[in-house]
Amino acid sequence: MLGAEREFVINYRNLARKHLKHANERLAGGADQSLKYAALDLRMAMEALTYDRVAAYKGEFPPSEYETWQPRKIMMVLLEIDPMADKDSSIALGLEEKYGVPTPKMTSLGTEKVLGLKTLKKHYDALGSYLHIQSLKSARSGKDINYEKIRGRCESIATYVSEALSSPVFNCTIGMFANLECIECSKPIRKRIPSGKDSVTAECFECGATYTITNESEGKSKWSPHQHEIECANKNCDHKIVVWNHELELGRQWECPVCKGKNTFVLAIDFKDAPN
């Protein structure tokens, strides 16, 4: 349809493969001066793998974080959503012969190797340091650039990225979810419930409304909105309104529909003299 907005989709795994290929070609060339370009390609391959992983959680990920190009930061947010998001996993299927009893015959579909937070912390910034001119402090100390060390790190990362891209299964996001239509804006909310947690906080990415989700019996969940009943500050008016947590901001105002007075959220201290 003309004029319709289409979602912009990037194939991050293909991008990672292209950057890995370029990095391997530069490493195979043997020239020390090519190592910084190999490091750059490997950093971009790591970024592509990270964003490919996050894309699988897009519906659960805050848009403001999803569109921020900081791999370590978004991986940390992702781990808040799913503590197993950066862990390797294997998938196997089998026909259950008796209900509720695990089948003894399982067929493996493969193992996924994930680029995790630990690897990002260890290598991503270290690769970045190779992309800058040697600092005055380093030059004055007489330290030479250790190209052998740089090459070793690049080769190690290239192997890890290659293994991640060779996984026969990838971006597995199996989990237990709670769903609700936001009572404020009617947009659907889908929240993952990590194993072992009795309650989690969910946010509507459309309007900012938040809820506490509590696990109940028989796979059911209870959604408690983060709301407060606020009285009009006019002592002669008993009207009340309901506000959400994210609406409790200093300086925010509203007009009372009953007395027509203006109410403002303020930060204040009430002082009273000590009794005689």
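A few points on the structure. Just so it is clear, the model here is predicted, and its values are computed rather than measured. (Residues numbered from 1 in each chain as written. Predicted model: local features only at pLDDT ≥ 70, side-chain atom pairs only at ≥ 80, totals over all residues. Heavy atoms only, no water.)

According to the stated counting rule, one finds one cavity of 30 Å³ or more in the structure shown. Put simply, the largest cavity is a space of about 90 Å³. What lines the largest cavity is a set of 13 residues, among which R13, L49, K113, V114 and L115 lie closest to the centre. When residues of the lining of the largest cavity are assigned to their parent elements, the largest contribution, four residues, is made by helix α2 (residues 35-55). Here the residues of the lining of the largest cavity sort into six nonpolar, two polar and five charged. (1 Å grid on protein atoms, 1.4 Å probe; cavity = no way out; pocket = protein on both sides within 12 Å on 5 of 7 lines; lining within 4 Å. Points joined across faces, edges and corners; volume = space filled by probe spheres on them. Helix = DSSP H or I, 4+ residues; strand = E, 2+ residues; numbered from the N terminus. Nonpolar A, V, L, I, M, F, W, Y, C, P; charged D, E, K, R; others polar.)

Rolled over the atoms, a probe with the dimensions of a water molecule shows which regions are left empty. Empty space within the second largest pocket amounts to approximately 520 Å³. As for the second largest pocket, its lining consists of 18 residues, of which S129, Y130, H132, I145 and I150 are closest to the centre. Taken together, the elements giving at least two residues each to the lining of the second largest pocket come down to α2 and α7 (147-165). Among the elements that take part in the lining of the second largest pocket, α7 stands out by supplying three residues, more than any other.

Below, the discussion takes up the packing of aromatic side chains. This structure, assessed with the given rule, holds four aromatic pairs. With a centroid separation of 6.1 Å and an interplanar angle of 35°, the aromatic rings of Y12 and Y51 are classed as tilted. Here Y51 lies in helix α2 and Y12 lies in helix α1 (residues 12-29), a separation of 39 residues in the sequence. Ring plane angle 70° and centroid distance 5.4 Å describe the contact between Y211 and W244, whose orientation is recorded as edge-to-face. Placement of Y211 in strand β6 (residues 210-215) and of W244 in strand β9 (residues 240-244) is noted, with a sequence separation of 33 residues between them. You'll find Y211 and W244 in the same group, each marked buried. One aromatic cluster in this structure is built from Y211, W223 and W244. R43 extends its terminal NZ or CZ atom over the ring of Y124, reaching a point 4.0 Å from the ring centre. Positioned over the ring face of F177 is R190, at 3.6 Å from the centre of the ring. (Phe/Tyr/Trp six-rings, centres within 6.5 Å; stacked < 30°, edge-to-face > 60°. Buried < 20%, exposed > 50% of the residue type's maximum accessible area, 1.4 Å probe, protein only. Lys NZ or Arg CZ within 6 Å of the ring centre and 35° of its normal.)

Of the two faces of strand β5 (residues 199-203), the one holding V200 and A202 is buried and the one holding S199, T201 and E203 is not buried anywhere. Note: β5 against β6, five bridges, orientation antiparallel. From the neighbouring strand, S199 faces β6, where its bridge partner is T214. (Pairing = 2+ DSSP bridges.)

Glycine aside, residues mostly have negative phi, and peptide bonds are mostly found in the trans state. Unlike most non-glycine residues, N171 shows phi in positive territory, near 55°. Considering the arrangement of structural elements, one finds N171 in the loop between α7 and β3 (177-181). Despite not being glycine, K260 shows a phi value in the positive range, around 65°. Here K260 lies in the loop between β10 (253-255) and β11 (262-264).

The next subject is α1. For α1, which comprises 18 residues, the first-to-last C-alpha distance of 26 Å matches the rise-based estimate of 26 Å (1.5 Å per residue) to within 8%. If you check which residues of α1 are buried, you get Y12, R13, A16, H19, L20, A23 and L27. The arc that holds the buried residues of α1, viewed along the axis, is 125°, so those residues lie on one side. Across α1 from its buried face, at more than 90 degrees, point the exposed residues K18, A28 and G29. Looking at the packing, one finds that the buried side of α1 touches α2 and α7. Backbone geometry just after α1 places G30 at a positive phi near 85°. (Expected span 1.5 Å × (residues − 1). Arc of directions from axis to C-beta. Contact = heavy atoms within 4.5 Å.)

The next subject is the environment of S221. Relative to the helices and strands, S221 is located in strand β7 (residues 221-225). In the structure, S221 is positioned 23 residues away from D198 in sequence and 9.7 Å away in space, judged by C-alpha atoms. Ignoring any residue separated from it by four or fewer positions in sequence, one finds S221 in contact with A178, I213, T214 and E216.

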